Amino acid sequence: MGDESRLAAVVALAQGMAAAHSSRETWRAAAGGARRALGGSFAALSVWERELGRLRVLVNVGELAEGEEEFPEDESYPVHQFAEITEFLHERWAGGGEPDAWVETAQGAEEGRAGYCHQRVAALRRRGRGCCVVAPIVLHGRAWGELYVARPVGEPVFGRADADFATVLAAVVAAGIAQTERLEEARRLAFTDSLTGLANRRAVDARLDEAVELHRRDGAVVSLVVCDVNGLKRVNDTLGHSVGDRLLERFGTVLSLCGAMLPGALAARLGGDEFCLLAVGPSADEVVKAADEVCRRAVELDIGDGVACGVASTQDPIGPVRSARRLFRLADAAQYRAKAERAAHPVVAGREGPDDPVVRLADEPSREADGERRRFRGRHAPG
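Residues numbered from 1 in each chain as written. Predicted model: local features only at pLDDT ≥ 70, side-chain atom pairs only at ≥ 80, totals over all residues. Heavy atoms only, no water.

### Thoughts on the pattern of salt bridges
Counted by the stated rule, this structure contains 26 salt bridges. Linking Glu70 and Arg28 is a salt bridge whose minimum nitrogen-to-oxygen distance equals 2.8 Å. Here Glu70 is found in the loop between strand 2 (54-62) and strand 3 (76-78), whereas its partner Arg28 is found in helix 2 (residues 23-38), with 42 residues between them in sequence. Using a relative accessible area of 33% as the deciding quantity, one classes Glu70 as partly exposed. Arg28 gets classed as partly exposed once you look at its relative accessible area, which sits at 35%. For Arg269, the salt bridge identified is with Asp193, shortest N-O distance 3.2 Å. Pair noted here: Arg269 is in strand 8 (residues 266-271) and Asp193 is in the loop between helix 5 (160-190) and helix 6 (201-218), with a separation of 76 residues, a long-range link. For Arg269, a relative accessible area of 14% gives the class buried. (Salt bridge = Lys/Arg side-chain N within 4 Å of Asp/Glu carboxyl O. Helix = DSSP H or I, 4+ residues; strand = E, 2+ residues; numbered from the N terminus. Buried < 20%, exposed > 50% of the residue type's maximum accessible area, 1.4 Å probe, protein only.)

And the structure:
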């Protein structure tokens, strides 16, 4: 491959990674781009999990051998089997050298080749591959993982020039991974409540729109629990805002723990003293049970006055749910009623018969309904 072709391959790799919208897409673009650039039949990207002492495969692309998967659940190898990443390469870097790639062949070691690894040679033979080039990926000044590209038996063996080119490709991959990590951190911050670490209102709105569309298309059960922490103002006024923040943080933990009862549920802080749980799939009764647990645990907190919870689920008799806004209004109206009545358990929209007051309140945004909402909130209002 000439210089122009290699430059084009580097540009294609960088562009492929830049176009990725998730970590998985980034990994696939990295491995696939490197495989094409080096003329390999197979490529893999692995991360060094230091705390577990292993190399974990993130993605396999190209011609997969028996037992290999594109995104393996748990394909990993003890890092002590690949001493070069922790010993020989580390020593080279510590001496001021660069993290160079190296070549392995199914025939075994060549004289003077420091990167030789019995386990890699055995793996090449076992999977019908003739050679591989391994390039360390260095991120923030330390080994992050490795890029691995292989060719089948009978194809030309990688040479020194290929290893040098793989080193360049690994540096491009490292830059792409760093960019993805920065973008994911920005997304996380954009959709995360800074105080509690839960999702924020923006995340709920996006997920709820998707959930309601899934309900309309496939009939999926979508349920929303809206919670209002009682007594926050009193805590802020008498004990200070730092204690009020602690109450919100502790309730956020309660909500997260109870949300774990519902597979895939999203726990979020909407703002101020309002929180919610969004569940797609679990039955309405399962969601009500989780909400009841939220109420029970909130009472046991040593600050605050418990919580008011309202529940709305497409599985209950609340009429057609064609928009996220309507489901939110229903859960919100149920929460208002729970707040006004100091209910110890969740109020559930649609479970009081054909003229359910919560459904009526949510669906009649008239002056009369607004007055009824105020009466719900004002009656026995907490001090």
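### Quick word on the pairing of strand 10 (residues 307-313)
With seven of seven residues buried, strand 10 lies mostly within the body of the structure. Of the two faces of strand 10, the one lined by Val307, Cys309, Val311 and Ser313 and the one lined by Ala308, Gly310 and Ala312 are each fully buried. Where strand 7 (residues 222-229) meets strand 10, seven bridges bridge the pair, whose relative direction is antiparallel. Note that in strand 10 the partner of Cys227 across the bridge is Cys309. Note that strand 10 and strand 11 (residues 347-348) share two bridges and pair parallel. Across the sheet, the residue bridging to Gly310 is Val347, located in strand 11. (Pairing = 2+ DSSP bridges.)

### Some points on the sheet that holds strand 4 (residues 102-105)
The antiparallel open sheet is built from six strands, whose spatial order is 3-2-1-6-5-4. Strand pairing shows two members of the sheet lacking a second neighbour, strand 3 and strand 4, which therefore form its edges. In this sheet, adjacent strand axes meet at a mean angle of 25° when their direction is disregarded. In this structure, strand 4 lies alongside strand 5 (residues 129-139), joined through four bridges in antiparallel fashion. The partner of Trp102 across the bridge, within strand 5, is Val134. Contacts from helix 2 reach strand 1 (42-49), strand 2, strand 5 and strand 6 (142-152), with the element oriented near 65° to strand 2. Against the sheet, helix 5 makes contact with strand 1, strand 4, strand 5 and strand 6, and its axis sits at roughly 45° relative to strand 5, the strand it touches most. (Axes fitted to C-alpha atoms, helices over the stretch in contact; angles between N-to-C directions. Contact = heavy atoms within 4.5 Å.)

### Remarks on the side chain of Asn60
Looking at the element boundaries, Asn60 is found in strand 2. Its relative accessible area of 2% is what places Asn60 among the buried residues. Sequence-distant contacts of Asn60, defined by excluding residues within four places in its chain, comprise Phe42, Ala43, Ala44, Glu68, Glu69, Glu70, Pro72 and Glu75.

### Some remarks on the sheet that holds strand 8
If you trace the five strands from one edge of the open sheet to the other, you get 8-9-7-10-11, paired in mixed fashion. Edge positions in the sheet fall to strand 8 and strand 11, since each has one partner strand and no second. In the packing of helix 6 onto the sheet, the strands contacted are strand 7, strand 8 and strand 9 (274-280), and the crossing angle to strand 8 comes to about 125°. Running at roughly 145° to strand 10, helix 10 (residues 324-340) makes contact with strand 7, strand 8, strand 9, strand 10 and strand 11 of the sheet.

### Observations regarding the confidence of the model for the protein
Detail in the predicted coordinates should be disregarded across regions flagged by low pLDDT. Here the protein averages 86 in pLDDT, while 87% of its residues score no lower than 70. For residues 366-383, every residue scores under 50 in pLDDT, and the model assigns this stretch 26 contacts once sequence neighbours within four places are set aside. (pLDDT = per-residue confidence, 0-100.)

### A look at the nonpolar core
Ranked by internal contacts, the top residues of the largest apolar core, which has 39 residues, are Leu45, Val133, Ile137, Leu169 and Val173. Elements with a minimum of two residues in this core: helix 1 (3-18), helix 2, strand 1, strand 2, strand 5, strand 6 and helix 5. The element contributing the most residues to this core is helix 5, with ten residues. When sequence neighbours within four positions are dropped, the list of residues in contact with Ile137 reads Leu45, Arg142, Ala143, Trp144, Gly145, Glu146, Leu147, Ala170, Val173, Ala174 and Ile177. In this structure, Val222, Ile318, Ala338 and Val358 belong to the second largest nonpolar core, which totals 32 residues. (Core = buried A, V, L, I, M, F, W, Y, C linked by side-chain atoms within 4.5 Å.)

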